[in-house]
Amino acid sequence: MVLNWIWVAFFIVAFVIALVKLIFWGDFEVFPAMMDSTFSSSKTAFEISLGLTGVLSLWLGIMKIGEKGGVVNVLAKLLSPVFTKLFPDIPKGHPVTGSIFMNIAANMLGLDNAATPLGLKAMEQLQDLNTKKDTATNPMIMFLVLNTSGLTLIPISIMVYRAQMGAAQPTDIFIPILLATFFSTLAGIIITSLFQKINLLNRTILLTLGGAALVVAAIIWGFGQLDSVLMNKVSTSTANILLMLIIIAFILAGVRKKVNVYDAFIDGAKEGFQTAVRIIPYLVAILVGIGVFRASGAMDMLIDGIRWGVEACGGNSDFVAALPTALMKPLSGSGARGMMVDAMTTYGADSFVGRLSCIFQGSTDTTFYILAVYFGSVGIVKTRHAVACGLLADLAGIIAAIAIAYLFFG
């Protein structure tokens, strides 16, 4: 229901703004631009789904081997103490906990192509536990918020963009991004737990969150000792080695269990193709709404209004020029990436705005895209508090990113 009203608002606000621009400013280009955006966005949605088909088939095939080989069940048992606290509605030792862990691990390593199919597999398993097939369950929402909060340990792509844009130290945003995304994820867990009345003040959760904080601190320290070139090589190599180890481990586990790994892979790959087809209409809907909103000039007006408000209150508005990246990120990953590159092009890669836009890009994930794809893949239409929790986590990430940017670069 929330997504329904947000989608309607995109079109109504865009139309009203475009009409005002046409009547009062004689802007005859705005409506053609909006219509062009509907076609280009529809095409983009299909291309994304088409591009996901191969990746989904590959990783759902690998996951099927892992299921039959018992790897997912082993992960489920290991994570059961933590997941029973964070996902109390999931039966203890259920295989979905292993799938959730694999998805989160892939996200943390920046392996987007692997994370999406793993997440869709987890969502499918959560739907099997769902008694109301059109309504999101508490575990689904917690899982989605963990995704939308965007916890990433190795933001390699952002550092590559900075290097391409001529940054003196492309890795200088590495620690700020880790801090911002950690606060975003922590806020997401706390906010969702409050909605779902989950008690986080227990030994297991506190030890887990404390351990995660120590791991993040250790990674920050370790990578901080490397120069930019070596850091990029190490982070890229580490991510890809871990990815290949996962594939090999799943295949060997299947062989050990005397599973026909080829047939198991084919069974899972078929599911990947079907899933890619199912998400097309949901992607078309959300990307067309976003495209119309952008083309109408509504985003620019929103940014100008925020700048005026900050300056009217006597605040420092240096951060406002980077806000398009932050506001676009929940809507479109590629759109936010374009905003980030535009900010570095306009203001300089080593400017405050250029660096802050990079921190925004790395601090959260594409909330509406994830909601559309994950919920769409299993036919969820009643999202309950998923949008509110996801956007509040995004807001926490934005606020943290601004504060951290001022601390490091202000």
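Conventions we followed
- Residues numbered from 1 in each chain as written.
- Predicted model: local features only at pLDDT ≥ 70, side-chain atom pairs only at ≥ 80, totals over all residues.
- Heavy atoms only, no water.
- Helix = DSSP H or I, 4+ residues; strand = E, 2+ residues; numbered from the N terminus.
- Expected span 1.5 Å × (residues − 1).
- Bend = angle between axes of the 7 residues up to and from the residue.
- Axes fitted to C-alpha atoms, helices over the stretch in contact; angles between N-to-C directions.
- Parallel < 35°, antiparallel > 145°, perpendicular 65-115°, else oblique.
- Left-handed = near helix turned anticlockwise from the far one by under 90°.
- Contact = heavy atoms within 4.5 Å.
- Nonpolar A, V, L, I, M, F, W, Y, C, P; charged D, E, K, R; others polar.
- Salt bridge = Lys/Arg side-chain N within 4 Å of Asp/Glu carboxyl O.
- Buried < 20%, exposed > 50% of the residue type's maximum accessible area, 1.4 Å probe, protein only.

**Student:** I'm lost on helix α2 (residues 30-69) in this one. Help?
**Tutor:** Counting along an α-helix, one turn takes 3.6 residues, and residues three or four places apart therefore face a common direction. For α2, which comprises 40 residues, the first-to-last C-alpha distance of 56 Å matches the rise-based estimate of 58 Å (1.5 Å per residue) to within 8%. Residue T53 marks the point of greatest curvature in α2, where the axis turns by about 35°.

**Student:** How do you make sense of the packing of helix α4 (residues 96-108) against helix α6 (residues 138-148) when you look at a structure like this?
**Tutor:** At a closest axis distance of 10 Å, the pairing of α4 and α6 adopts a crossing angle of 15°. With respect to α6, the axis of α4 lies roughly parallel. Helix-helix and strand crossings are classified by hand; for α4 and α6 the assignment is left-handed. Residues I100, N103, I104 and N107 of α4 lie in contact with α6, whose contacting residues are F143, L146 and N147. Looking at the contact of α4 with α6 residue by residue, the class counts come to four nonpolar, three polar and no charged.

**Student:** Honestly, the pattern of salt bridges in this entry has me stumped. Any pointers?
**Tutor:** Any two side chains of opposite charge can pair if their charged atoms end up close together. Applying the stated criterion across every chain yields a total of nine salt bridges. The partner of K382 in a salt bridge is D134, with the nearest N and O atoms 3.8 Å apart. Of this pair, K382 sits in the loop between α17 (367-378) and α18 (386-409) while D134 sits in the loop between α5 (112-128) and α6, and the two are 248 residues apart along the sequence. Judged by relative accessible area, which is 30%, D134 ranks as partly exposed. Notably, a salt bridge pairs R355 with D350, separated by 3.9 Å at the nearest N-O pair. The network of salt bridges with shared partners includes R162, D172, D350 and R355.

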